[in-house]
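Listed here are the chains, written in short residue letters.
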Amino acid sequence: MDKQFQKIRDDFPILKQRINDEPLVYLDSAATSQKPQAVIDSVTNYYQTINANTHRSVYTLGQRATDEYELARKKVQRFIKAKSSKEVIFTKGTTDSLNLVASTYGEKNIQVGNEIVITYMEHHSNLIPWQQLALRKNAVLKYIELTSDGQLDMDDARSKITDKTKIVAVAHVSNVLGVTNDVQELAQIAHSHNAVIVIDGAQAAPHQPIDVQELDTDFYAFSGHKMLSPMGIGVLYGKKELLEQMPPYQFGGEMINSVDKFDSTWSELPWKFEAGTQNVSGAIGLGKAIDYLNNLGMENIAEYEQELVDYALPKLSAIRGLTVYGPQDSTVHNGVISFNLNNLHPHDVATAFDMDGVAVRAGHHCAQPLMKYLGVVATVRASFYFYNTKADVDKLLQAIADTKEFFRV
């Protein structure tokens, strides 16, 4: 399968360049993915041949723009297997989607003394909205503990989620620890206590098949830019009956049905939550990205990335002075691998790697409570996507060896 996916690199213009006189090895797809030419062309084509505002014009270009925008919504619906396209809200990204839920469903339903349950592995985008909601409402914020190898402690989850719990918010896949959480079981636990579950799917949707009905999730959020599309476009899936009960997130054009001097009524789903001019080119780019992913097959992508992890993780774990965070067993570790090298600061390590053309992330990865939980300030993070190869892994290993030699550690 490696040879099949190696050919795909030709579809990504940015991967053909050199960095510091070395071929680019891009290992930061957890932050943002690169874009295939087909997606780039779709955005260019929109601005060259279609550019018009959606839902507001009866002329030909306006209707074309509307049709393409709504076609993208239907592609998302099929991609995540939602019941209806009305359950698909276009947002700016995962952060915007999660804030939407906290500011609408959360604001309406959380009362004094209610509980919101999250985990120590959450990205700030799925932590701060609930933290601030709990502060505003004088509610209780609870954290599910982790096991010794960085997986979610499901026994603790069953203990923490009670009849006082109203919202459970959890990452489908950790952006630091490389673990995939059993969100389907968490949904069952939450629902048994009449709570809703909100899933941050930013690190899952680009890498594995998603079926929101099978997961029985109430809300599912993800970003387009992590799955080949332009930046500034994202998705919030919500069960129709919940979305219908929620007040609008923002007010203005397009989300209204009628406006009087002292009162207004709102449009139906999904447009109730899409005030103002939307990122039409971004939605079209997301639709084209979904076409690209579907052509490869999400099952194939997941299988290939697991091959990369099976190849990389044992080699990284065997390096003297290198500490890998999360499971050491590659069968339960996905394509996000965080580590530290001796006592070197992660920024120094990442800078050294860059001299070899290897692009990795260094920092707290918008997960400061998790860093404190792990007892570190920051980590280096290498994250893989289907356009990476075993040769990229080898280049990462060489960059580590070069860094150890340079710093004499």
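Residues numbered from 1 in each chain as written. Predicted model: local features only at pLDDT ≥ 70, side-chain atom pairs only at ≥ 80, totals over all residues. Heavy atoms only, no water.

Colleague: Looking at this structure, how should I read the overall build of the protein?
Modeller: Looking only at helices and strands, the protein has 14 helices and 17 strands in total. Taken over C-alpha atoms, the radius of gyration comes to 22 Å for the protein, in line with the 22 Å a tight globule of 409 residues would show. If you line up the protein on its principal axes, its C-alpha atoms span 70 × 55 × 35 Å. The burial tally for the protein puts 57% of its 409 residues in the buried class. Element-wise, carbon and sulfur atoms account for 49% of the exposed surface of the protein, whose accessible area totals about 17,100 Å². (Helix = DSSP H or I, 4+ residues; strand = E, 2+ residues; numbered from the N terminus. Rg over C-alpha atoms; globule rule 2.2 N^0.38 Å. Buried < 20%, exposed > 50% of the residue type's maximum accessible area, 1.4 Å probe, protein only. Areas by Shrake-Rupley, 256 points an atom, 1.4 Å probe, with all protein chains shown as cover.)

Colleague: When you look at helix α5 (residues 128–137) in this model, what are you seeing that I'm missing?
Modeller: Every α-helix carries 3.6 residues per turn, so stepping three or four residues along brings you back to the same face. Taken as a whole, α5 has its buried residues at P129, W130, L133, A134 and K137. An end-on view of α5 places all buried positions within 130° of arc, on one side of the element. Each element contacted by the buried residues of α5 is listed here: α4 (94–109), β5 (115–119), β6 (140–144), β7 (165–171) and β8 (196–200). Trailing α5 by a residue or two, N138 shows a phi angle of about 55°, which is positive. (Arc of directions from axis to C-beta. Contact = heavy atoms within 4.5 Å.)

Colleague: Where do I start with the sheet that holds β5 in this structure?
Modeller: The strands making up a sheet associate through hydrogen bonds between their backbones, and the pairing can be parallel or antiparallel. Read across the open sheet, the 7 strands follow the order β4-β10-β9-β8-β7-β5-β6; overall the sheet is mixed. Looking along the sheet, the strands with just one partner apiece sit at the ends: β4 (88–91) and β6. Strand-to-strand twist across the sheet, computed as the mean angle between neighbouring axes with direction ignored, equals 20°. In terms of strand pairing, β5 meets β6 through 5 bridges, oriented parallel. Note on β6: the bridge partner recorded for I116 is L141. Lying on the sheet, α4 is in contact with β4, β7, β8, β9 (219–223) and β10 (234–238); it crosses β9 at an angle near 150°. (Pairing = 2+ DSSP bridges. Axes fitted to C-alpha atoms, helices over the stretch in contact; angles between N-to-C directions.)

Colleague: Any chance you could explain helix α10 (residues 280–296) here in plain terms?
Modeller: In this model α10 runs 25 Å from its N-terminal to its C-terminal C-alpha over 17 residues, within 8% of the 24 Å that 1.5 Å per residue would give. Counting buried residues along α10, 13 of its 17 residues qualify, which places the element largely inside the surrounding structure. Directly after α10, the chain includes G297, whose backbone phi takes a positive value near 95°. (Expected span 1.5 Å × (residues − 1).)

Colleague: Can you help me understand the sheet that holds strand β14 (residues 336–341) in this one?
Modeller: With antiparallel pairing, 4 strands are arranged side by side in an open sheet as β13-β14-β17-β16. Each edge of the sheet is formed by a strand with only one pairing partner; in this case those strands are β13 (322–325) and β16 (361–363). Going from strand to strand, the sheet's axes swing by 30° on average, the running direction of each strand aside. As paired strands, β14 and strand β17 (residues 379–383) are joined by 4 bridges and run antiparallel to one another. Looking at the pairing, I337 lines up with A382 of β17.

Colleague: Sorry if this is basic, but what is going on with the packing of helix α3 (residues 60–80) against α10 here?
Modeller: Each packed pair of helices is defined by two parameters, the angle between the axes and the distance between the axes. Their axes nearest at 8 Å, the elements α3 and α10 cross at an angle of 40°. On the basis of their axis angle, the class for α3 and α10 is oblique. Between α3 and α10 lies a crossing whose hand is left-handed. Facing α3, whose interface residues are A65, E68, Y69, A72, K75, V76 and F79, α10 presents V280, A283, I284, L286, G287, K288, I290, D291, L293 and N294. A breakdown of the residues in the contact of α3 with α10 according to their chemical character gives 11 nonpolar, 2 polar and 4 charged. (Parallel < 35°, antiparallel > 145°, perpendicular 65-115°, else oblique. Left-handed = near helix turned anticlockwise from the far one by under 90°. Nonpolar A, V, L, I, M, F, W, Y, C, P; charged D, E, K, R; others polar.)

Colleague: How should a nonpolar patch on the surface be read in this particular structure?
Modeller: A cluster of nonpolar side chains, namely F251, I256, V259 and W266, defines an oily patch on the protein surface of about 390 Å² accessible area. Positionally, W266 belongs in strand β12 (residues 264–266). You can call W266 partly exposed: its relative accessible area is 35%. (Patch = residues over 30% accessible without salt bridge, like charges linked within 9 Å, V, L, I, M, F, W, Y side chains within 5 Å. Salt bridge = Lys/Arg side-chain N within 4 Å of Asp/Glu carboxyl O.)

Colleague: Honestly, the layout of surface pockets in this entry has me stumped. Any pointers?
Modeller: Rolled over the atoms, a probe with the dimensions of a water molecule shows which regions are left empty. Computed from the structure, the largest pocket encloses a volume of approximately 370 Å³. Surrounding the largest pocket, 25 residues form its lining, A30, H123, N175, Q203 and K226 being those nearest its centre. Where the lining of the largest pocket is concerned, the elements lending two or more residues are α4 and β16. Considering every element that reaches the lining of the largest pocket, the biggest residue donor is β16, with 3 residues. Within this model, the second largest pocket holds a volume of roughly 290 Å³. Around the second largest pocket, the lining is made up of 17 residues, and of these T180, Q208, Q306, N334 and G335 lie nearest the centre. (1 Å grid on protein atoms, 1.4 Å probe; cavity = no way out; pocket = protein on both sides within 12 Å on 5 of 7 lines; lining within 4 Å. Points joined across faces, edges and corners; volume = space filled by probe spheres on them.)

Interpretation note: all reported values are geometric properties and have no functional meaning in isolation.
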